Structure formats: structure tokens, C-alpha cells
Amino acid sequence: MNYTAAALAILCWLCICTPKEAEGADKKLRFGKNGEFKILQVADMHFADGKKTRCLDVLPSQYRSCTDLNTTSFIQRMILAEKPDLIVFTGDNIFGFDSSDSAKSMDAAFAPAIASNIPWVAILGNHDQEGSLSREGVMKYIVSMKNTLSQVNPPQVHLIDGFGNYNLQVGGVQGSAFGNKSVLNLYFLDSGDYSKVPFIPGYGWIKPSQQLWFQRTSEKLQKEYKKAPLPQKQSAPGLAYFHIPLPEYGSFDSSNFTGVKQEPISSASVNSGFFTTLVEAGDVKAVFTGHDHVNDFCGQLTGIHLCYAGGFGYHAYGKAGWSRRARVVVANLEKTENGAWQDVKSIKTWKRLDDRHLTKIDGQVLWSNSFSGEINNSLTLFRVLKLVLYS
């Protein structure tokens, strides 16, 4: 079903973007007055030439009328249903090979996010640069677009691999004791496209220079969170977003994840050690990727959830009869008995299907402050074992 016109009309009529406009304008993310911060993840749109571009892997009854505009409609419906505080596009936003003009494809692909006035960010996948713009050119174009908080790379870092490595901080409720602290940290990284190393086939990976940037950024944020004013004993939780899954996604089976695995894990053919880097840093509680369109599971390994979003776009491969989907993540703050907002209490997730009712499935708790002590003990054990193994 094509909901585009109706969704756009409702979007304009409700004016849901008005409360978000100031946030987009001052480039500051923070928790709302309800103590909540919600993220909509959109993975693998594979947008090309709009109504000229046909859908892949849909039912025969859908094919004749199905185009890129179904992807547009789905984004609009998700914005209306969830009213997120941030929209995250996790790569393969356009399918460069089928796009006649990469810039125009991006204009159309990101149009619903821009129209909503909700802050949004994007990172690159392995197909974005296959059209009329280079990988760097695609990221620079994204950064130039309205309402985006995307960055080409950290301004203070001169030597780093890839394009689209950056960090965003989410402040507590304005006017609260945590209003000037980053209570939730978001990390975005470029996982590359394809290996550039001779004799190493397959997809790209997160390089040492990117890992060093992540380590230093995480360490800095943790130190700031633990110092005055209002020093904290624990680190603020972090979430990481990139396109290509880590090899550790292959550690799960149906007994220890929520969701489905319907295709092999298409990670790099080498393990760059980034999962170990994440575990050692200690603040990231969950990782979110795309790339494998008919996987949408989420499983926990060494205190970190590794999650797929599931395929979103209709010009991307999928599975006929298996709905396109999106992942939602919401962080909630602790509230004292006298009504004062504190730090992050819990992080939860669910998915929505692009069906008639935007069916909500697979709700789960990714992290809770009440379990942080147990996780910290696990991290301490991990570090001790590493010292023993490598000493």
C-alpha cells in the first residue's frame, strides 16, 4: 500500500515538527521534559530514482505499484508514529549504481527527515559511493543538508580513516541538575565499503585510526562525567552506530538472541578487534548496524548488545512477504521521589513493521542502571583475563 500522500498531509496538519525545530537549530541534543530520548534507525534504504525505481523482493501483487516512494512513505509513517528525537540512517542510504544523480537521490531519500525538522544523522555503507559522487563527496553533501548533525570527521582529528566518524552528546533535561552533562553518548563510525588490502577479500572494517579516536573520545567523555559539578561514579552509557556488522555478530544462534537470522553474517573477512576495543572502553551498551537486510536480531555478548535494524528500503534485497522494518531505541531517565530528573535509568528497543498497523515487535531491555554493577564486574574479569593471557 502507498501511504505517501496521506502521511505527508497528516505530517503537515499535525505540525509535529514544531517542538523539534529549536533542537535542530541550536544543534543541541537533550532529553525531553518527559525524561525520554528516542532514536529511529533507518538501515539500507537503497534509494535511487524515486518513482522510476522498482522494488525488489516483494509479493507479485505489490510489484506493479511499488517504487522508492514506498520507502519514503514508510519513513513518513514512522516519524508520525514514533516522533523520534533523532533519526539515524546507518548506510546504503542510496544505491549509487542505480542512481542517475547521487545528490538528487540523497535529496529525495532524506526529504522526510528534513521536512520533519527533527535532527538527523547519516553514516555510509558500501553502496553510497557507487554513483556520481565519491565516498568523501557523498559525506560532504550529507553534511551540507538541512537539519543534519552529521560530520565528515572530527574537526580536531587530522588523520583518520573513512568519512563520517563523529560523536554526539545528549544532555539531560534542560534545567535539571544533569542539564549540562552528557548523559548519553552516541558514536558514529565509517565501517568502510570493500577491502583495499591485496589478498584480503570482502568488506571493509573499522581501522586502527578510528579505534584510537573512539578510545580517546570515550575516555574523555567518561572523565568529564565523573568530575565536578555533580561527579558520577559510573560512566554515562553509550550507543554505537555503523553499517557493516562485526564478526562477533556470528556468536549467536536462535537460543540467545531476539529476532531472526535469515542470512549469513556479512562482516569483514578479518577481525579488526573493534569489539574488544568497545568492551575495554566500558561505556558502549549496544551496537546497531544494517547491511544484512533479512537479519534483525539483537543479542548480548560480554555486556554489549549487538543489534541489526532489518532492511528498510524497498529497492534493497529482502524477502517477499517479510515486511520491511525499522528499529527504535529509547533511553529513559531516573526520576527522584521529588520529581527531579537524574541520569539514564534504562535503554530499550523494539522494531516496527511496514504493514497496515506498523506492528510493534520484539521489545527488549538493552541496558538497565540496576544491572550496571554486574556488568562492571564482568568487564573487570575480562581485563584480568586479558592481562593473564598476554603477559
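Structure's up top.
Values in this document were obtained by computation on a predicted structure and should not be read as measured data.

Engineer: Tell me about helix H7 (residues 135–143), and please be specific about residues and values.
Structural biologist: Side chains of residues three or four places apart in an α-helix project in the same direction, reflecting 3.6 residues per turn. Looking only at H7, the buried set comprises Arg135, Gly137, Val138, Met139 and Ile142. If you follow the buried residues of H7, they end up packed against helix H5 (102–109), strand S4 (120–123) and strand S5 (166–171).

Engineer: Explain the sheet that holds strand S3 (residues 86–90) to me, and be specific about the residues and the numbers.
Structural biologist: Spatial strand order, S4-S3-S2-S11-S12-S13: six strands in an open sheet with mixed pairing. Looking at which strands have only one partner, the edges of the open sheet turn out to be S4 and strand S13 (360–368). Averaged over all pairs of adjacent strands, the angle between strand axes in this sheet comes to 20°, irrespective of strand direction. In the packing of helix H4 (residues 68–82) onto the sheet, contacts are made with strand S2 (36–42), S3, strand S11 (325–335) and strand S12 (341–353), and the angle to S12 comes to roughly 140°.

Engineer: Go over the state of the cysteines, please, and point to the residues and values.
Structural biologist: Tallied over the full model, the rule gives two disulfides. Disulfide pairing places cysteine 55 opposite cysteine 66 at an S-S distance of 1.9 Å. Note on the cysteine 55 and cysteine 66 pair: the S-S dihedral is about -85°, so by sign convention the disulfide is left-handed. With cysteine 55 in the loop between S2 and helix H3 (60–63) and cysteine 66 in the loop between H3 and H4, this pair connects stretches of sequence that are 11 residues apart. Assessed through its relative accessible area of 2%, cysteine 66 is described here as buried. Disulfide pairing places cysteine 298 opposite cysteine 307 at an S-S distance of 1.9 Å. Neither cysteine 298 nor cysteine 307 differs from the other in exposure class; each is buried. Taken N- to C-terminal, the disulfide-bonded cysteines of the protein are connected 1-2, 3-4.

Engineer: Kindly report on the pairing of strand S6 (residues 182–188), identifying the contributing residues and their values.
Structural biologist: Judged by how many residues are buried, S6 sits mostly within the fold: seven of seven residues are covered. Across six bridges, S5 lies against S6 in antiparallel orientation. Looking at S6, one finds that glutamine 169 is bridged to asparagine 185. Examined bridge by bridge, S6 and strand S7 (residues 238–241) share four bridges and lie parallel to one another. Counterpart to phenylalanine 188 in the pairing with S7 is tyrosine 241.

Engineer: Tell me about the layout of surface pockets, residues and numbers included.
Structural biologist: In this structure, the largest pocket occupies an estimated 410 Å³ of space. What lines the largest pocket is a set of 18 residues, among which Pro154, Gln156, Val157, Trp213 and Thr217 lie closest to the centre. Elements that contribute at least two residues to the lining of the largest pocket include exactly S5 and helix H8 (208–225). For the lining of the largest pocket, the leading source of residues is H8, giving eight residues. Residues belonging to the lining of the largest pocket are distributed by class as follows: nine nonpolar, six polar and three charged.

Conventions we followed
Residues numbered from 1 in each chain as written. Predicted model: local features only at pLDDT ≥ 70, side-chain atom pairs only at ≥ 80, totals over all residues. Heavy atoms only, no water. Buried < 20%, exposed > 50% of the residue type's maximum accessible area, 1.4 Å probe, protein only. Helix = DSSP H or I, 4+ residues; strand = E, 2+ residues; numbered from the N terminus. Contact = heavy atoms within 4.5 Å. Pairing = 2+ DSSP bridges. Axes fitted to C-alpha atoms, helices over the stretch in contact; angles between N-to-C directions. Disulfide = S-S within 2.5 Å. 1 Å grid on protein atoms, 1.4 Å probe; cavity = no way out; pocket = protein on both sides within 12 Å on 5 of 7 lines; lining within 4 Å. Points joined across faces, edges and corners; volume = space filled by probe spheres on them. Nonpolar A, V, L, I, M, F, W, Y, C, P; charged D, E, K, R; others polar.

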